Amino acid sequence: MEDACARRRTVKCRFLSLSLRGQLAIVLTAAFVVHAVASVACSYYHASACPPCPVVYKIVYCAGILAFIFFLVNKMATSLARLTASALEFGRNPNRQPIKLPEQGTDEVRQAAIAFNSMQKQIQNLLHERDDMLTALAHDIRTPLARLQIAVELIEDERLKDRLLRNMAEISSILDKGMSLSKYGLSSEEPIMLDIVSFLERICEEMAQNSSPLFFQDRTEGDERVCVLARMSGLEICLRNLVSNAVAYGAPPVGIMLSADSVNVYVDVLDSGPGIPDCCIERVMRPFYRMDLSRNKASGGLGLGLTIAQNSAALDGGVIRLSNRSEGGVQARLTLPRYAAER
């Protein structure tokens, strides 16, 4: 009895592991054989046994074929939905623990799962190798920089010494920002449910102590809490970079406006500065791009603030879009998926 059950399980597994074309070929062949046998039997007994047999048989035959096709389509749709969800989650945060898809099902589904699992592993290996290379490179550059700083301190010409120290500080800043950029797209922090109104009020209050006053305008309607599922530190870095960018390049008043609908939450960082030329709106999101071609550090940073903000937002499914306001200034809109408030 156990041997018979084991054989049935083996046959079932082998059948389900075939390609979709193979499964359909076997089922249609079996259906054709059954149809031929039933037709011969009904013809033989037509006179005395079962006149309605052909009609009943055709109904059962068609129902069986349709049921099996529905089973195959549903099974493949479920596997593809699982693959889609895993790909989207991995794309948002490649550094997270990889989701290994079950390598089973039809031949096509099994090969897709094997390829996806292999792709996850290869991408994570490349990211780790990149991080190791950047860390080693930064360490190797900082070592001679430290020796140079000691040597520069011995220079008697103060003007020359100050100029060299500023250049060395700039190199060190570039290294730090480059390392930060490589890390902000990757995070092991788990997302939590955040009350976005309270979160933004705290950000405005803290940043107003270190810069010009910031206004906060809540345009959400009703008494229902507006919540997002996000990594707190990543979202805070994103918003602080957007506000700092507005303060540095815009003009007061600078502030945050919150709005929402049933699907998304919109956080707009507003300033009243000169705006951005239309040809540069997409470019300013690129790493190390600055509209100040002189790259004078007194007038700005290294051109990484918006890139880091964008990478941090992407971890939580967020998108940042820049646009010029009709009344002057720039609107940096952060769009995040809205979640129902926990009871």
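Use the structure listed above.
Keep in mind the model is a prediction, meaning the values are calculated, not measured.

Caption draft 1: Local environment of the overall build of the protein. Across its full length, the protein holds eight helices and seven strands. Buried positions account for 30% of the 343 residues belonging to the protein. Summarising the internal contacts of the protein: among those between residues at least 6 apart in sequence, 66% fall at separations of at least 24. Total accessible area on the protein stands at roughly 21100 Å², and carbon and sulfur atoms take up 60% of it.

Caption draft 2: Representation of the sheet that holds strand β5 (residues 264–270) within the structure. One open sheet accounts for five strands, arranged β2-β4-β5-β7-β6; its pairing is mixed. On the outer flanks of this sheet lie β2 (214–218) and β6 (319–324), each paired with one strand and no other. Put simply, the sheet's adjacent strands are angled 20 degrees from each other on average, direction ignored. As judged from the six bridges shared by strand β4 (residues 254–260) and β5, these two strands associate in the antiparallel manner.

Caption draft 3: Just the side chain of Asp271, in detail. Residue position: Asp271 is located in the loop between β5 and α8 (305–314). At 2.9 Å, the side chain of Asp271 forms a polar contact with the backbone nitrogen of Gly273. Residues within four places of Asp271 in sequence aside, it is in contact with Ala246, Gly250, Ala251, Pro253, Val254, Arg325, Gly328, Gly329 and Val330.

Caption draft 4: Just the nonpolar core, in detail. Counting residues in each nonpolar core, the largest one holds 38 residues, and the members touching the most others are Ile196, Leu235, Val267, Ile320, Leu322 and Leu334. If you list the elements that add at least two residues to this core, you get α6 (196–208), β3 (227–230), α7 (232–249), β4, β5, α8, β6 and β7 (330–337). Tallying contributions element by element places α6 first for this core, with seven residues. In this structure, Ile196 is in contact with Val226, Val228, Leu235, Leu258, Val265 and Val267, ignoring residues within four places of it in sequence.

Caption draft 5: Expanded view of the pattern of salt bridges. For the coordinates displayed, the defined rule picks out nine salt bridges. Close ionic contact of Lys161 with Glu158 constitutes a salt bridge, the shortest N to O distance being 3.5 Å. Taken as a pair, Lys161 and Glu158 lie in helix α5 (residues 158–184) at a separation of three residues, close to a single helical turn. Members of the salt-bridge network, linked through shared partners, are Arg202, Glu206, Glu236 and Arg240.

About the cut-offs
- Residues numbered from 1 in each chain as written.
- Predicted model: local features only at pLDDT ≥ 70, side-chain atom pairs only at ≥ 80, totals over all residues.
- Heavy atoms only, no water.
- Helix = DSSP H or I, 4+ residues; strand = E, 2+ residues; numbered from the N terminus.
- Buried < 20%, exposed > 50% of the residue type's maximum accessible area, 1.4 Å probe, protein only.
- Contact = heavy atoms within 4.5 Å.
- Areas by Shrake-Rupley, 256 points an atom, 1.4 Å probe, with all protein chains shown as cover.
- Pairing = 2+ DSSP bridges.
- Axes fitted to C-alpha atoms, helices over the stretch in contact; angles between N-to-C directions.
- Polar contact = N/O pair within 3.5 Å; in protein donor to acceptor, adjacent residues only side chain to side chain.
- Core = buried A, V, L, I, M, F, W, Y, C linked by side-chain atoms within 4.5 Å.
- Salt bridge = Lys/Arg side-chain N within 4 Å of Asp/Glu carboxyl O.

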